[in-house]
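Residue strings, one per chain:
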Amino acid sequence: MEIFIGNEQQFQGFITDFIYKNCDLSEKVFIITDETVKECCLPTLSKVLHRFQTTIITIKQGEEHKDITQCIDIWQQLIDNKCNRKSFVFIIGGGIVCDLSGFAVSTFKRGIRYALLPTTLLAQTDAAIGGKNGINFGNIKNQIGLFSKPNAIIINTKFLSTLDKRQLQSGLMEVVKHGLIAEPEILRHIDELTHQNNDTFDYRCISPTLLQSSIKVKTDIVNQDFEEKDIRKTLNFGHTIGHSIETIYMPNILHGEAIAFGMITALFLSETYCNLSNATVLKSIKYITNKIQVPPIATKDINKITDCIIHDKKNTNQAINFVLLKDIAKPVIDVAVEKEEIEKAILRTINTLCMYE
């Protein structure tokens, strides 16, 4: 699998070479995207694909549409347009497009070749990396899925200029997570880039070096444990709570916003279960809240959140398992946490975030 990171010009050169190496001119090339990406990012790819028989499949936007109904629609369009095992699929879009379409393509005819072209910071540093594909089912996030490696992950840094501040902040939380669980230098690098940009966070703060550092954390972990038996679980830091919040509040909360809340809650739990120092907890929380505005979570929803956690994939033998920290870059997996302590930590998070409003 190839991973490419480059600007617009470098992207077009890489795509051109990649297509002629991997695609058969006599076979159809498929593109799966959504309406927004189709308008603002697809023209860059279309310039290179003009010599091929190209079919574009457009899917609905939003977490609420990341479901089996969309998969069926993709499968049907692939069938209707005579997709076969020699066809090639380019999936271009954010995390939802990558997850959903990767799942659909990986199960169609037992899997056809595809490349991911992630267009958001979240997708470029997380969703497109690591071979996880899936859909939501029964209003529970990512309940159905599989592990499947694309032929390539192709990142055009120019695509980040199409994102608004909220989307960039959301994606940044996965980068921050990589810094907290594995590489503190990432956190320092984010601060340095932000400072150079007059403390204003926009796409200019996302350097290729930062992308490479964040992606390296994830790929190094995934290469050791592709099917998440052990160390890959560390990548779920903040996600046990975060995914529950996403499920309850979708579509009104972004992934990174939910993960920010989840990471803060996990930091409080780390203090209780792993003796993480209070100074580190407070410093880390301040770092997170300086980088993102977390939407308010209602106290009345705490029981809903903990009830939803029961369905988390990391749970075993009825135990609620968390990824926690004993220090920065020292994660601990499979920490069994009592429901009462989770509720206390969530309430503590809600109260703490009120202080930063």
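Residues numbered from 1 in each chain as written. Predicted model: local features only at pLDDT ≥ 70, side-chain atom pairs only at ≥ 80, totals over all residues. Heavy atoms only, no water.

### Some remarks on the pattern of salt bridges
Side chains bearing opposite charge may pair, as long as their charged atoms lie close to each other.
Point 1. Taken as a whole and judged by the stated rule, the model has 17 salt bridges.
Point 2. In this structure, Lys216 and Asp220 form a salt bridge, with 2.7 Å as the shortest nitrogen-oxygen distance. Of this pair, Lys216 and Asp220 both sit in helix α9 (residues 208–224), four residues apart, which is roughly one turn of that helix.
Point 3. With relative accessibility at 48%, the residue Lys216 sits in the partly exposed group.
Point 4. In this structure, Lys300 engages Asp301 in a salt bridge whose closest nitrogen and oxygen atoms are separated by 3.4 Å.
Point 5. Residue classification places Lys300 among the exposed residues on the basis of a relative accessible area of 65%.
Point 6. Salt bridges here are not isolated pairs; linked through shared partners, they connect Asp126, Glu174, Lys177 and Lys218. (Salt bridge = Lys/Arg side-chain N within 4 Å of Asp/Glu carboxyl O. Helix = DSSP H or I, 4+ residues; strand = E, 2+ residues; numbered from the N terminus. Buried < 20%, exposed > 50% of the residue type's maximum accessible area, 1.4 Å probe, protein only.)

### Focus: unusual backbone geometry
Point 1. In the segment running from Met250 into Pro251, the intervening peptide bond is cis, with an omega of 5°.
Point 2. Positionally, Pro251 belongs in the loop between α10 (239–249) and α11 (255–273).
Point 3. At Lys82, a position not held by glycine, the phi torsion is positive, near 60°.
Point 4. According to the relative accessible area criterion, Lys82 is exposed, its value standing at 65%.

### Topic: helix α13 (residues 302–309)
Point 1. Along α13, the residues that are buried comprise Ile302, Ile305, Thr306, Cys308 and Ile309. Viewed along the axis of α13, the buried residues span an arc of 160°, placing them on a single side of the element.
Point 2. Buried residues along α13 sit in contact with α10 and α14 (339–355). (Arc of directions from axis to C-beta. Contact = heavy atoms within 4.5 Å.)

### Notes on helix α8 (residues 184–196)
Point 1. Between the first and last C-alpha of α8 there are 19 Å, a value that for 13 residues agrees with the 18 Å anticipated at 1.5 Å per step.
Point 2. Every buried residue belonging to α8 is among Ile186, Leu187, His189, Ile190, Leu193 and Thr194, and all of these are buried. Seen end-on, α8 carries its buried residues on one side only, within an arc spanning 160°. Pointing more than 90 degrees away from the buried face of α8 are the exposed residues His195 and Gln196.
Point 3. For α8, the elements touching its buried residues are α7 (165–181), α9 and α12 (278–291). (Expected span 1.5 Å × (residues − 1).)

### Re the nonpolar core
Point 1. Val176, Phe237, Ile241, Ile245, Phe261 and Ile288 are the most contacted members of the largest nonpolar core, which has 91 residues in total.
Point 2. The dominant element in this core, judged by the number of residues it contributes, is α11, at ten residues.
Point 3. The contact partners of Ile241, leaving out residues within four places of it in the chain, are Phe261, Gly262, Thr265, Ile305, Ile309, Phe322, Ile342 and Ile346.
Point 4. If you look at the next biggest cluster of nonpolar residues, it comprises 24 residues, including Ile31, Cys41, Val48 and Phe52. (Core = buried A, V, L, I, M, F, W, Y, C linked by side-chain atoms within 4.5 Å.)

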